[in-house]
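Examination of the molecular architecture
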Amino acid sequence: MTNPALHSPPAALAEIETRIAAAARETGRDPASVHLIAVTKTFGAEDIRPVLEAGHRLFGENRVQEAKSKWPELRTLYPGLTLHLIGPLQSNKAREAVELFDAIHTIDRPKIAKAIADELARQGKRLQLFIQVNTGEEPQKAGIAPKDTADFLAHCRTLGLEIAGLMCIPPVEEDPAVHFAFLAKLAGDLGLSELSMGMSSDFETAAQFGATYVRVGSAIFGSR
Ligand SMILES: *Cc1c(COP(=O)(O)O)cnc(C)c1O
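Residues numbered from 1 in each chain as written. Predicted model: local features only at pLDDT ≥ 70, side-chain atom pairs only at ≥ 80, totals over all residues. Heavy atoms only, no water.

Topic: the packing of helix α2 (residues 45-53) against helix α3 (residues 64-77)
Closest axis-to-axis distance for the α2/α3 pair is 12 Å, and the angle between their directions is 30°. Taken together, the axis directions place α2 and α3 in an arrangement best described as roughly parallel. Handedness of the crossing formed by α2 with α3: right-handed. Listed contacts from α3 to Ala45, Ile48, Arg49 and Leu52 of α2 are Lys70, Trp71, Leu74 and Leu77. Across the contact of α2 with α3, the residue classes tally to six nonpolar, no polar and two charged. (Axes fitted to C-alpha atoms, helices over the stretch in contact; angles between N-to-C directions. Helix = DSSP H or I, 4+ residues; strand = E, 2+ residues; numbered from the N terminus. Parallel < 35°, antiparallel > 145°, perpendicular 65-115°, else oblique. Left-handed = near helix turned anticlockwise from the far one by under 90°. Contact = heavy atoms within 4.5 Å. Nonpolar A, V, L, I, M, F, W, Y, C, P; charged D, E, K, R; others polar.)

Laid out in structure tokens, this is it:
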């Protein structure tokens, strides 16, 4: 691992793009099929701007309120950017989430699915949506249980939600490759093409196992 503290965020991001592309090629994948979400939680506009200036346009935040405090202004300054919600969502924040974000990775229970479906209809918007799967079946962690994913996907569709793919956050103490392979298999079985997986410590592994979105924060911006 390169020490991100020695790099500027744009340089770190460029290096990560190169490593993702190499990992994708190693497994015969098109590097363009792996999208790098730069995760900006806890970082302010002054940290984010150099990366925007360098041309990056795909970002992730894990809290609605925090995103609201920095992204509307950045959006007006840097056209064409795409913002993904990667953190847990409360149904009372669904309205703001649909207003602020272009994608949500954390659909994981009927109440959230319903709240998002209602807001998409009300606001006349389409977002890219992912179901979060608790692949490690950790009781404290968000996400639908693997065995319930097919039924939950069907339920989302009855609400009119168009689900693009699956997302996971593997248990910290386990080999992420096992979880990435599992999520890729599950998505394949369900006919879903997008896979949100891989963070600073394992984005190359994720790219090798089929990630179409990797979510990288500290390796770009430094430790939080
Ligand atoms: C913070 C966060 C990331 C990025 O984590 P890093 O280890 O800083 O790369 C990815 N996914 C989710 C859901 C996060 O909350």
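Focus on the pairing of strand β2 (residues 58-61)
A two-sided burial pattern is seen for β2, the buried positions comprising Leu58 and Gly60 on one face and Phe59 and Glu61 on the other. When strand β1 (residues 35-39) meets β2, the two strands line up parallel, connected through two bridges. If you follow valine 39 over to β2, its bridge partner there is glycine 60. With α2 bridging β1 and the parallel β2, this β-α-β connection has right-handed handedness. With α3 bridging β2 and the parallel strand β3 (residues 82-85), this β-α-β connection has right-handed handedness. (Buried < 20%, exposed > 50% of the residue type's maximum accessible area, 1.4 Å probe, protein only. Pairing = 2+ DSSP bridges. Right-handed = clockwise from strand over helix to strand, strands pointing away.)

What to know about the packing of aromatic side chains
One pass over the structure, following the stated rule, counts three aromatic pairs. Geometrically, the ring pair formed by phenylalanine 59 and tryptophan 71 is tilted, given 4.9 Å between the ring centres and 40° between the ring planes. Placement of phenylalanine 59 in strand β2 and of tryptophan 71 in helix α3 is noted, with a sequence separation of twelve residues between them. An identical accessibility class is assigned to phenylalanine 59 and tryptophan 71; each is buried. (Phe/Tyr/Trp six-rings, centres within 6.5 Å; stacked < 30°, edge-to-face > 60°.)

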